[in-house]
2 protein chains.
Amino acid sequence: MREAQAAPTITTHEVQRLRSATIKDVAERAGVSMKTVSRVINNEPSVHERTRAKVQREIDALSYQPDPSARSLRSTRSYALGLVYDNPNAHYIINLQRGVLAACRSSGFGLQIHPCDSASPKLADELCTLVRRSRLAGLVLAPPMSEQPQLIRTLSEAKIPFMRIISARQDPQDGYPCVYVDDRDAAYAITEHLIQLGHQRIGFLWGGREHRSSPERYQGYEDALKDYGIALDRKLIVPGDFTFDDGFRGARKLLALKDRPSAIFGSNDEIAAGVLAAAHSDGIHVPYELSIAGFEDSPFSKQSWPALTTARQATEEIARHAAQRLITDLQRDANGEPVNSTNEGFRPELVVRGSTAPRTAAVPRR
Amino acid sequence: MREAQAAPTITTHEVQRLRSATIKDVAERAGVSMKTVSRVINNEPSVHERTRAKVQREIDALSYQPDPSARSLRSTRSYALGLVYDNPNAHYIINLQRGVLAACRSSGFGLQIHPCDSASPKLADELCTLVRRSRLAGLVLAPPMSEQPQLIRTLSEAKIPFMRIISARQDPQDGYPCVYVDDRDAAYAITEHLIQLGHQRIGFLWGGREHRSSPERYQGYEDALKDYGIALDRKLIVPGDFTFDDGFRGARKLLALKDRPSAIFGSNDEIAAGVLAAAHSDGIHVPYELSIAGFEDSPFSKQSWPALTTARQATEEIARHAAQRLITDLQRDANGEPVNSTNEGFRPELVVRGSTAPRTAAVPRR
DNA sequence: TGGCCTATTGACACCGTTGTCATTTTGAAG
DNA sequence: CTTCAAAATGACAACGGTGTCAATAGGCCA
């Protein structure tokens with residue numbers, strides 16, 4: 001049997017030995033005081049380069065890691081971020097977490113995830129309490145919380161550092177830091193793609209109003225039509241939420257029109273999934289009778305049949321970037337350096353798949 | 001795009017920290033020593049009932065919350081769990097997190113999420129380090145980590161408390177605590193459902209071997225066939241992984257058979273999504289020419305066309321239960337009480353949707 | 001009442017780090 | 001070679017709890 005061939009095991013004894021080195025151990029080995037080691041850890045100025053190197057060598061040798069409990073107990077600073085979200089979209093959230101976690105890990109920060117109800121009137125209080133109780137250094141705010149002016153103002157007044165991830169065409173320059181995503185531009189690209197395929201009557205299904213990305217995406221749609229000289233037809237524009245059901249219902253409405261659209265642009269992939277289901281249930285062939293586009297590059301968009309044309313947001317990278325900037329700002333601030341970082345923007349990328357095709361295409365024989 | 005203007009400054013070092021009450025405040029107001037308050041907080045025995053009441057009153061009056069940093073710094077105990085997972089399935093993970101978080105919140109515990117690579121040979125070390133560095137009181141292990149005997153043994157030897165979520169028909173009674181999910185039973189129900197619809201040739205697509213749920217689900221399939229007197233046909237059974245692509249490829253293989261199956265059971269919804277796509281791409285009508293079943297009740301299963309017949313796992317509840325048990329065990333253990341909790345089981349529930357239909361059904365006219 | 005045992009309580013050190021402030025070293029100018 | 005400010009470093013207390021162990025209170029019995 002394989003039983004005997006044990007893989008490397010950490011025994012209890014070794015665990016005891018592995019009991020982390022403390023700042024004292026490092027100090028002794030480096031022949032300096034604890035305080036000096038502390039200075040090196042915190043990257044404080046006025047440590048002689050020679051000393052810093054010597055200390056760093058011992059830190060590496062012992063693979064010393066400062067104890068977060070002790071740190072946050074003693075200092076006003078803390079070493080954990082909170083990630084605040086309220087989004088039913090699991091795929092988005094997972095990527096958000098991945099990105100923020102990557103930034104936190106590389107900077108030695110912890111992460112406290114905090115799903116919440118964006119519509120709760122007590123949300124601001126809840127977040128303040130969270131920050132205080134969990135000793136968070138700052139918050140990363142995802143949409144739609146990041147887009148609630150009142151909440152942002154309250155956090156700012158409570159002196160809670162944060163970084164927003166928002167949908168915007170450009171830096172909002174509203175005095176609060178953010179990373180912005182140009183949804184309008186991507187929606188423009190999607191609409192343009194449909195137009196270039198020969199579609200003139202393009203339906204649009206709105207997403208939820210509490211998300212700024214909704215008007216942004218609509219704007220991209222409208223701008224593209226205008227630029228290509230296609231008149232806006234109000235009957236082709238349907239309000240709704242970011243849900244499958246609203247996509248299904250909206251599509252049914254559009255497909256029942258006398259002069260029905262040859263393409264439908266759903267504000268996200270879930271809406272587009274509803275459109276796809278509506279088309280299937282009406283026996284309408286996608287993409288030959290109807291082109292469909294979504295937004296988000298969700299797993300669904302790859303797995304549906306046909307796969308959805310959509311826009312890919314680099315959610316993980318955006319989140320990593322947001323968290324990294326927050327951390328950098330926090331550290332700068334703690335060192336008394338000026339915090340003057342620039343808001344950066346990201347642009348989702350058009351992903352063309354099988355759900356969109358030229359308007360004139362014939363249905364292929366089976 | 002990246003040239004935006006300077007962003008505002010967040011200044012934290014001027015923050016006047018809203019200091020909450022400490023154990024000292026409570027002690028003074030209650031006229032007892034700090035230590036006694038500590039005893040009350042920790043629910044230790046040998047505190048006079050009168051004293052306990054008096055102290056508790058002041059704790060409530062000040063809405064005092066002990067500082068987790070201070071506690072975990074001084075004592076060996078800590079007040080945070082780790083949630084360890086390696087699963088590409090976002091929906092599953094989100095529900096897992098929800099459940100664990102709910103249990104943690106209600107017990108005043110923190111939560112550290114820890115996505116990882118289940119195949120990494122250094123995983124055991126990584127987890128030991130994680131527990132030590134983040135001072136975690138225990139770990140909740142999701143599949144497939146929870147099903148790696150070597151890892152479990154190592155954690156156990158390192159005296160790291162944990163709770164496993166595993167796939168098993170019944171309590172494994174292997175000496176390590178777990179919450180188990182009877183995948184076999186649900187797979188049996190799905191297969192039975194197909195059989196009762198009149199299907200005799202039912203294809204089966206395996207999931208990844210590193211998950212115990214894979215053989216469990218296969219066993220349910222095999223047992224149901226046997227119980228209904230249907231001979232096993234090896235050609236209808238295809239190995240693979242829990243992926244869309246494997247579902248697609250596996251389905252192509254099955255559908256190319258001379259005597260092709262009239263139903264296909266994919267080991268999870270992602271596989272079933274691949275089967276659905278393969279059927280669509282071959283112009284095979286689902287469910288009238290081919291019934292398809294998945295497993296998991298993912299969002300996809302509701303949004304695909306037709307919606308997938310599947311099995312619903314109460315992931316959130318399972319996770320909450322697992323975390324709650326771990327916390328209870330930890331507290332018992334800290335108080336010196338015997339820890340002797342019973343492993344509990346959950347059973348996924350059959351969800352019938354549009355992707356399965358009687359074998360004899362005719363294709364409806366459009 | 002005194003003795004003895006147990007239940008209850010408190011004094012104090014200490015966990016690992018950082019803030020404060022004093023002290024030492026360094027380097028450039030005089 | 002001084003002188004003096006600036007740079008570099010260190011001593012020590014403190015953060016908010018808990019572990020240890022000694023001290024006190026209370027109850028019971030002779």
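Residues numbered from 1 in each chain as written. Chains lettered and ligands numbered in written order. Predicted model: local features only at pLDDT ≥ 70, side-chain atom pairs only at ≥ 80, totals over all residues. Heavy atoms only, no water.

### Concerning the sheet that holds strand S5 (residues 178-181) of chain A
Residues and elements named next belong to chain A.
Here is step 1 of the chain: Spatially, S2-S1-S3-S4-S5-S11 is the arrangement adopted by the 6 strands of the open sheet, whose pairing is parallel. Bordering the open sheet on either side are strand S2 (110-115) and strand S11 (344-346), each of which pairs with just one other strand. Neighbour to neighbour, the strand axes of the sheet diverge by 20° on average, direction disregarded.
Here is step 2 of the chain: Of the pairings in the sheet, the one linking strand S3 (residues 138-141) to strand S4 (residues 162-167) comprises 3 bridges and is parallel in character. Residue pairing across strands places Leu141 opposite Arg164, the latter belonging to S4.
Here is step 3 of the chain: Sitting on the sheet, helix H6 (residues 90-106) touches strand S1 (80-85), S2, S3 and S4, and the angle it makes with S1 is about 165°. (Pairing = 2+ DSSP bridges. Helix = DSSP H or I, 4+ residues; strand = E, 2+ residues; numbered from the N terminus. Axes fitted to C-alpha atoms, helices over the stretch in contact; angles between N-to-C directions. Contact = heavy atoms within 4.5 Å.)

### As for the side chain of Ser267 of chain A
Residue and element names in this part refer to chain A.
Here is step 1 of the chain: Of note, Ser267 is situated in the loop between strand S8 (263-266) and helix H12 (269-281).
Here is step 2 of the chain: Here the side chain of Ser267 touches Leu205 through a polar contact of 2.6 Å, landing on its backbone oxygen.
Here is step 3 of the chain: With sequence-adjacent residues up to four places away left out, Ser267 is seen in contact with Phe204, Leu205, Trp206, Gly207, Arg217, Phe242 and Phe295. (Polar contact = N/O pair within 3.5 Å; in protein donor to acceptor, adjacent residues only side chain to side chain.)

### As for the protein's contact with DNA strand C
Here is step 1 of the chain: The environment of DNA strand C is made up of 26 residues, and the closest members are Ile23 and Ser38 of chain A together with Thr36, Arg39 and Thr51 of chain B.
Here is step 2 of the chain: The sugar and phosphate moieties of DNA strand C supply 57% of its atoms located within 4 Å of the protein.
Here is step 3 of the chain: With respect to DNA strand C, the backbone of His48 of chain B contributes an N or O atom lying 2.9 Å from a phosphate oxygen.
Here is step 4 of the chain: With respect to DNA strand C, the side chain of Thr51 of chain B contributes an N or O atom lying 2.3 Å from a phosphate oxygen. (Near = heavy atom within 4 Å.)

### Section: the side chain of Ser262 of chain B
All names here are of chain B.
Here is step 1 of the chain: The residue Ser262 is located in the loop between helix H10 (244-255) and strand S8 (263-266) in this model.
Here is step 2 of the chain: Judged by its relative accessible area of 13%, Ser262 falls in the buried class.
Here is step 3 of the chain: With near-sequence residues (within four places) excluded, Ser262 lies in contact with His199, Gln200, Arg201, Glu289, Leu290, Ser291 and Arg359. (Buried < 20%, exposed > 50% of the residue type's maximum accessible area, 1.4 Å probe, protein only.)

### Some remarks on the domain arrangement of chain A
All names here are of chain A.
Here is step 1 of the chain: By domain assignment, chain A separates into domain 1 (12-66), domain 2 (80-182 + 323-340) and domain 3 (183-313).
Here is step 2 of the chain: Computed from C-alpha coordinates alone, the two centres of domain 2 and domain 3 are separated by 31 Å.
Here is step 3 of the chain: Surface buried jointly by domain 2 and domain 3 totals about 1100 Å² across both partners, of which 47% is contributed by carbon and sulfur atoms.
Here is step 4 of the chain: It is His91, Ser167 and Asp182 that lose the most area in domain 2 upon contact with domain 3, and together they represent 42% of the buried surface on that side.
Here is step 5 of the chain: Inspection of the region where domain 2 meets domain 3 yields 0 salt bridges.
Here is step 6 of the chain: The tally of links from domain 2 across to domain 3 stands at 8 residue pairs in polar contact (both at pLDDT 80 or more).
Here is step 7 of the chain: Here the side of domain 2 that touches domain 3 is built from residues that sort into 5 nonpolar, 4 polar and 3 charged. (Domains from an automatic or database assignment. Buried area = accessible area lost by both parts, 1.4 Å probe. Salt bridge = Lys/Arg side-chain N within 4 Å of Asp/Glu carboxyl O. Nonpolar A, V, L, I, M, F, W, Y, C, P; charged D, E, K, R; others polar.)

### Description of the protein's contact with DNA strand D
Here is step 1 of the chain: Surrounding DNA strand D, one finds 27 residues, the nearest of these being Thr36, Arg39, Thr51 and Arg74 of chain A together with Ser38 of chain B.
Here is step 2 of the chain: Protein-adjacent atoms of DNA strand D, using a 4 Å cutoff, are sugar or phosphate at a proportion of 57%.
Here is step 3 of the chain: Thr51 of chain A is positioned such that a nitrogen or oxygen atom in its side chain is 2.3 Å from a phosphate oxygen of DNA strand D.
Here is step 4 of the chain: Contact distances for DNA strand D include 2.9 Å between a phosphate oxygen and a side-chain N or O atom of Asn42 of chain B.
Here is step 5 of the chain: Secondary structure elements with two or more residues in the surface near DNA strand D: helix H3 (34-41) and helix H5 (68-74) of chain A together with helix H2 (34-41) and helix H4 (68-74) of chain B.
Here is step 6 of the chain: Ranked by residue count, the leading element in the surface near DNA strand D is H4 of chain B, at 4 residues.

### Re the pairing of S4 of chain A
Residues and elements named next belong to chain A.
Here is step 1 of the chain: For S4, a buried count of 6 out of 6 residues is recorded, marking the element as mostly surrounded by other parts of the structure.
Here is step 2 of the chain: Side chains Phe162, Arg164 and Ile166 of S4 all project onto a buried face; the interleaved residues Met163, Ile165 and Ser167 project onto the opposite face, where all are buried too.
Here is step 3 of the chain: Each parallel crossover has a hand, and the one from S3 via helix H8 (residues 149-157) to S4 is right-handed.
Here is step 4 of the chain: In this structure, S4 lies alongside S5, joined through 4 bridges in parallel fashion. Paired with Ser167 across the two strands is Val181, which belongs to S5. (Right-handed = clockwise from strand over helix to strand, strands pointing away.)

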